[in-house]
Amino acid sequence: RSWTDHLLWHHAAHTVDLFAYQCGSPIVKANAVQGPIHPALGIAMDMSIQLKAANGAICTLSLSFNNDGPLGTFFRYIGDTATYLARYDDLFNGKEEKIDVSNVDVSMNGIELQDREFFAAIREGRAPNSSVAQVLPCYQVLHDLEQQLSN
């Protein structure tokens, strides 16, 4: 494990960026705590992050390399009118009932959709939906969190 497999700089980065993107609002407050540093690897194996966007939305993120179960990510979206669980390309309501999202886009493969967007942006002479410039605020939040963790 290294910075390329680091809880903050790799794994949390995806959620921090996704949260701000989905909220359509910048992150204005972020807190983090981490577990003990692994003696051989030099990185935390467990971390918890709290985020708040300018529009009031919050995100609670738990990360661990100590998971004893299947690898993977799921997101639980809790709103004032519904709860949703996203697991890769599948979406469920809060009662674990699968929601059909097959007609949402031309594909359910995230890598394919990402590639389609990049090629469309090139053809249309515009920045893609996920440009380097758009991810810079995420890395500022990660930097601020790292400063908290090093104190």
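Conventions used here
- Residues numbered from 1 in each chain as written.
- Predicted model: local features only at pLDDT ≥ 70, side-chain atom pairs only at ≥ 80, totals over all residues.
- Heavy atoms only, no water.
- pLDDT = per-residue confidence, 0-100.
- Helix = DSSP H or I, 4+ residues; strand = E, 2+ residues; numbered from the N terminus.
- Contact = heavy atoms within 4.5 Å.
- Pairing = 2+ DSSP bridges.
- Axes fitted to C-alpha atoms, helices over the stretch in contact; angles between N-to-C directions.
- Buried < 20%, exposed > 50% of the residue type's maximum accessible area, 1.4 Å probe, protein only.
- Phe/Tyr/Trp six-rings, centres within 6.5 Å; stacked < 30°, edge-to-face > 60°.
- Lys NZ or Arg CZ within 6 Å of the ring centre and 35° of its normal.

A.B. asks: Help me understand the confidence of the model for the protein chain in this model?
C.D. replies: In low-pLDDT segments, the atomic positions of the prediction should not be examined closely. Residues at a pLDDT of 70 or more form 95% of the protein chain, whose mean pLDDT is 90. Mean pLDDT across the elements of the protein chain bottoms out in strand 4 (residues 74-78) (87) and peaks in strand 1 (residues 27-34) (98).

A.B. asks: Which parts of the structure should I look at to understand the environment of Phe 74?
C.D. replies: Within the secondary structure, Phe 74 is located in strand 4. Residues Phe 74 and Arg 87, 13 residues apart in the sequence, show an inter-C-alpha distance of 4.6 Å. If near-sequence neighbours (up to four positions away) are discounted, Phe 74 is found in contact with Leu 85, Ala 86 and Arg 87.

A.B. asks: Even after reading the chapter, I still don't get the sheet that holds strand 1, so can you show me in this structure?
C.D. replies: In a beta sheet, neighbouring strands pair by backbone hydrogen bonds and run either parallel or antiparallel. Strands sit in the order 1-2-3 across an open sheet of three strands; the sheet is antiparallel. Edge positions in the sheet fall to strand 1 and strand 3 (58-64), since each of these pairs with one other strand and no more. Sheet twist, expressed as the average angle between the axes of neighbouring strands with direction ignored, equals 15°. Relative to strand 2 (residues 46-53), strand 1 is paired through seven bridges, and the arrangement is antiparallel.

A.B. asks: For this particular structure, what's the right way to read the side chain of Thr 15?
C.D. replies: Secondary-structure assignment places Thr 15 in helix 1 (residues 7-23). Taking relative accessible area as the criterion, Thr 15 reaches 8% and is therefore assigned buried. Setting aside chain neighbours within four positions, we find Thr 15 in contact with Cys 59, Leu 61 and Phe 75.

A.B. asks: It is not clear to me how the packing of aromatic side chains should be interpreted in this structure. Could you clarify?
C.D. replies: Within a pair of aromatic rings, the relevant descriptors are the distance that separates the centres and the angle that separates the planes. Applying the stated criterion across every chain, the model contains two aromatic pairs. Consider the rings of Phe 75 and Tyr 77, whose centres lie 6.2 Å apart with planes at 25°: the pair is stacked. The residue whose ring lies beneath Arg 87 is Phe 92, and the NZ or CZ to ring-centre distance is 4.9 Å.

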